[in-house]
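In case you want the letters, here they are:
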Amino acid sequence: MEVELVQPQGYCAGVLNAIRLAYKAKEENPGKNIFVLGMLVHNKTVINELTSNGIITLEGEDEAKLVSSLSKGDVLVFSAHGHDPKLDELADNKGLIIYNATCPKVQNNINKIYAETEAGHQIIYIGQKGHRETNAALTISKNVSLYDTKLLINYQEITDKSPLVINQTTLNFLSLKDIHDDIKRHIPEARISNEICSATRKRQEAVLSINPDVDLIIIVGDKKSSNSQKLYEIASSHYRNSDVYMVSDLEDVKKLNLENKRKAAISSGASSPLYIVEQIRDYLLTK
Ligand code: SF4
């Protein structure tokens, strides 16, 4: 089979920084317990590698309770896509050693939301309900209203004539445009701040430029990874004559029916390890 690797591949800067920071926390604190609150980055392989190196992921609905369960002197790493700001104070009061892996792009959004709400503005936040980055934004102020990506918002909540419209960094850039248009129809003076990060946008644009004669498109990414899901969403709706699959690793690919496939393209999310992509490419080349 012919195989094209759709560029870019490998970790984005934010993911790379988060992984390096977690290992740095371990190195700088020998003998201490090292915890990460939630998935450091949205990839199970990465999380399993951290666990096997003694860096434990804490997962649960009630994150304040998880932080409270730690002991003075434990090390806590905050993940790449943000966290409830109240947890900083809680961790500090508990005497935890804190490392913050929040991606600068996510932090930039958080800073804008603080500045706007402190200036008395309302925020329309476009994001996926339940996603860590969205949850973090919504906890900043009661003046942040969610426009969830299924095209839902209660416009009656918005009394500000020129609210700031801001979004989760890893959304589908095509759908975001429709949402912006919808908001502008309801609130003509709304100020739009498009915050899709360049790592997400470049991958989405690259997927749209895949040669349409491929009969197989593989998106490598974790189901919890928003930017990987969006690549899958875009590829599925754009290449209706190709089979499009989202896979976590080579084992998933081995389960696919690849009979009669001649030409494949592989794209991957910003938190997918490059070696997994290469394993999949090498396997497909033998088919
Ligand atoms: S996908 Fe974008 S926002 Fe998320 S960690 Fe990477 S650069 Fe940062």
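Residues numbered from 1 in each chain as written. Predicted model: local features only at pLDDT ≥ 70, side-chain atom pairs only at ≥ 80, totals over all residues. Heavy atoms only, no water.

(A) Seen up close, the site of the ligand. Every residue close to the ligand is listed here: Cys12, Gly14, Val15, His81, Cys103, Val106, Thr169, Thr170, Cys197 and Thr200. Most atoms of the ligand, that is more than half of them, are within 2 Å of grid points of the second largest pocket. In the shell around the ligand, the residues fall into 5 nonpolar, 5 polar and no charged. Viewed by domain, the shell around the ligand spans two of them, domain 2 (13–102) and domain 3 (105–192), each represented by three or more residues. (Near = heavy atom within 4 Å. 1 Å grid on protein atoms, 1.4 Å probe; cavity = no way out; pocket = protein on both sides within 12 Å on 5 of 7 lines; lining within 4 Å. Sits in = over half its atoms within 2 Å of the grid points. Nonpolar A, V, L, I, M, F, W, Y, C, P; charged D, E, K, R; others polar. Domains from an automatic or database assignment.)

(B) Fine view of the sheet that holds strand β8 (residues 164–167). Across the sheet, 4 strands lie side by side as β7-β6-β8-β9; this open sheet has parallel pairing. In this open sheet, the two edge strands, each paired with only one partner strand, are β7 (144–148) and β9 (191–192). Running at roughly 160° to β8, helix α5 (residues 104–118) makes contact with β6 (123–127), β7, β8 and β9 of the sheet. The sheet contacts of helix α7 (residues 173–186) involve β6, β7, β8 and β9, and relative to β6 the element is tilted by about 155°. (Pairing = 2+ DSSP bridges. Helix = DSSP H or I, 4+ residues; strand = E, 2+ residues; numbered from the N terminus. Contact = heavy atoms within 4.5 Å. Axes fitted to C-alpha atoms, helices over the stretch in contact; angles between N-to-C directions.)

(C) Representation of the pairing of strand β2 (residues 34–37). Going residue by residue along β2, you find Ile34 and Val36 tucked away on one face and Phe35 and Leu37 tucked away on the opposite face as well. Two strands pair when backbone bridges link them, and β2 and strand β3 (residues 55–58) are joined in this way by 4 bridges, in the parallel orientation. Along β3, the bridge assignment pairs Ile34 with Ile55. As paired elements, β2 and strand β4 (residues 75–78) share 4 bridges and run parallel to each other. Residue pairing for β4: Phe35 is matched across the bridge by Leu76. (Buried < 20%, exposed > 50% of the residue type's maximum accessible area, 1.4 Å probe, protein only.)

(D) Geometry of empty space enclosed by the protein. Throughout the structure, instances matching the rule amount to 1 cavity of 30 Å³ or more. Roughly 40 Å³ of internal volume is contained in the largest cavity. Contributing to the lining of the largest cavity are Val106, Asn109, Ile110, Ile113, Tyr125, Glu133, Ala136 and Ala137. Looking at the lining of the largest cavity, the elements that each hand over two or more residues are α5 and α6 (132–138). With 4 residues, α5 is the largest single contributor of residues to the lining of the largest cavity. Taken together, the residues of the lining of the largest cavity break down into 6 nonpolar, 1 polar and 1 charged. (Points joined across faces, edges and corners; volume = space filled by probe spheres on them.)

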